[in-house]
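# Analysis of the macromolecular model
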Amino acid sequence: MSAGLLLLTACGGSGASDAAKAGSSAGTGSSGPVVVATSSWEAALAKAAGAKNVKSIVPPSIRHAPDYDLKPSDLTAVAGADDVLYASFEPFAGRVKSAGGSKAKMVELPLDDSPETTKANVTRLGKLFGTEQAAAKWNSTFTKEWNTLSQQLKAARPGGKAPVVVAQSFTTWAAKLAGAQVAGTYGPDAVTPAQLSALSAKKPAFVLDNENMSTGTVLPGTGTKQLEIVNYPGADLDLLAVYRNAAEQMRKAFAGS
């Protein structure tokens, strides 16, 4: 839970301009720079930006990536990287930075699935890798996908009205995608009795919980349907799938309400 508190303070921050401080890593090797990311989230951003040689340290099967214990082989991989992507809220970030030594460029990313942050991260990494065209193309595809999913969700609204939801601090992007009315937020800690009373009084139709750091049933005894939204991409590092899966989950819930 301490990692969750760190997450709350870190997600809005961003690292300094890495390309400006250390120069671009573009052109390193025949397939571009060797990129090591601490989790599938950072790795998927690198892939979206056009990187070809990307490795994720934390296995996608780990539900809460900050809980992962680094192995010696992970630190060896970091030492051999051209660029190392990490988030400040990850407890092992310090060890990763130390393992990078003087060769690797350390790139701190703010992790947030809001479309603005996602596109900004992809653009930034494209400049760092020298793959600006690939990054711009992905961002264009992402914008179209977001708009399509948003339209589909609006069409699935019960009675055509925006559903009232309560969202975990890091799933508000999903509420935005659905055009939902956010009555309140909570987290990353478990909901307190006072919060439970206040949020229940809003009479939300749905709770958009964060599966990657869930604390269980958010509004017990209220009958509110709880959806578990996933923020991290899977082993295929397909960042668009995060949005598609969340949209499908919400569409089915809206249609069945």
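Here the structure is a predicted model, which means the values were calculated and not measured.

For the rest of this paragraph, the subject is unusual backbone geometry. Look at the link from Gly187 to Pro188: it is a cis peptide, with omega at 5°. Among the structural elements, Pro188 can be located in the loop between β6 (181–186) and α9 (193–201). Phi is positive for Lys203, which is not a glycine, with a value near 50°. Assignment of secondary structure puts Lys203 in the loop between α9 and β7 (206–210). Backbone geometry places Leu237, a non-glycine residue, at a positive phi of 55°. Within the fold, Leu237 resides in the loop between β8 (225–229) and α10 (239–255). Look at Leu237 and you get buried, because its relative accessible area is 15%.

Structurally, the position occupied by Val164 is in strand β5 (residues 164–168). Expressed as a C-alpha distance, the spacing of Val164 and Lys203, which sit 39 residues apart in the sequence, is 7.7 Å. Among all residues touching Val164, those that are not within four sequence positions of it are Gln181, Ala183, Lys202, Lys203, Pro204, Ala205 and Phe206.

Moving on to the packing of helix α4 (residues 72–79) against helix α5 (residues 93–100). Following both chains from N to C, one finds α4 and α5 inclined at 50°, their axes separated by 7 Å at the closest point. Classed by the angle they form, the pair α4 and α5 counts as oblique. As α4 packs across α5, the resulting crossing turns out to be right-handed. When α4 is examined against α5, the residues Leu75, Val78 and Ala79 are found in contact with a partner set consisting of Arg95, Val96, Ala99 and Gly100. Its residues assigned to classes, the contact of α4 with α5 comprises five nonpolar, one polar and one charged.

Attention now goes to the nonpolar core. Most often, soluble globular proteins keep nonpolar side chains buried together rather than apart. One finds Leu125, Trp173, Leu208 and Met250 to be the most contacted residues of the largest nonpolar core, which totals 66 residues. Per element, the largest residue contribution to this core is nine residues, and it comes from α10. In this structure, Met250 is in contact with Leu153, Ala174, Leu177, Ala178, Leu208 and Leu227, ignoring residues within four places of it in sequence. Core analysis: the next-biggest nonpolar cluster, separate from the first, contains six residues, Tyr186, Val207, Val218 and Leu219 among them.

What follows is about α5. Within the sequence span of α5, burial applies to Ala93, Val96, Ala99 and Gly100. Around the axis of α5, the buried residues are gathered within 125° of arc, so they sit on the same side. In this structure, the buried side of α5 is in contact with α4, β3 (83–86) and β4 (105–108). Just downstream of α5 lies Gly101, where phi reads positive at about 65°.

Applying the stated criterion across every chain, the model contains seven salt bridges. Residue Lys71 pairs with Asp74 through a salt bridge whose shortest N-O separation is 3.8 Å. With a relative accessible area of 4%, Asp74 lands in the buried category. Residues joined by salt bridges that share partners form a network here, namely Glu145, Asp238 and Arg244.

Read across the open sheet, the four strands follow the order β2-β1-β3-β4; overall the sheet is parallel. Each edge of the open sheet is held by one strand with a lone partner, namely β2 (53–56) and β4. Taking the axes of each pair of neighbouring strands and ignoring which way they run, one obtains an average angle of 20° across the sheet. Judged from the three bridges that link them, strand β1 (residues 34–37) and β3 form a sheet pairing that is parallel. Note that in β3 the partner of Val35 across the bridge is Asp83. Relative to the sheet, helix α3 (residues 40–48) contacts β1, β2 and β3, its axis offset from that of β2 by approximately 170°.

Reading the values: rules and limits
Residues numbered from 1 in each chain as written. Predicted model: local features only at pLDDT ≥ 70, side-chain atom pairs only at ≥ 80, totals over all residues. Heavy atoms only, no water. Helix = DSSP H or I, 4+ residues; strand = E, 2+ residues; numbered from the N terminus. Buried < 20%, exposed > 50% of the residue type's maximum accessible area, 1.4 Å probe, protein only. Contact = heavy atoms within 4.5 Å. Axes fitted to C-alpha atoms, helices over the stretch in contact; angles between N-to-C directions. Parallel < 35°, antiparallel > 145°, perpendicular 65-115°, else oblique. Left-handed = near helix turned anticlockwise from the far one by under 90°. Nonpolar A, V, L, I, M, F, W, Y, C, P; charged D, E, K, R; others polar. Core = buried A, V, L, I, M, F, W, Y, C linked by side-chain atoms within 4.5 Å. Arc of directions from axis to C-beta. Salt bridge = Lys/Arg side-chain N within 4 Å of Asp/Glu carboxyl O. Pairing = 2+ DSSP bridges.

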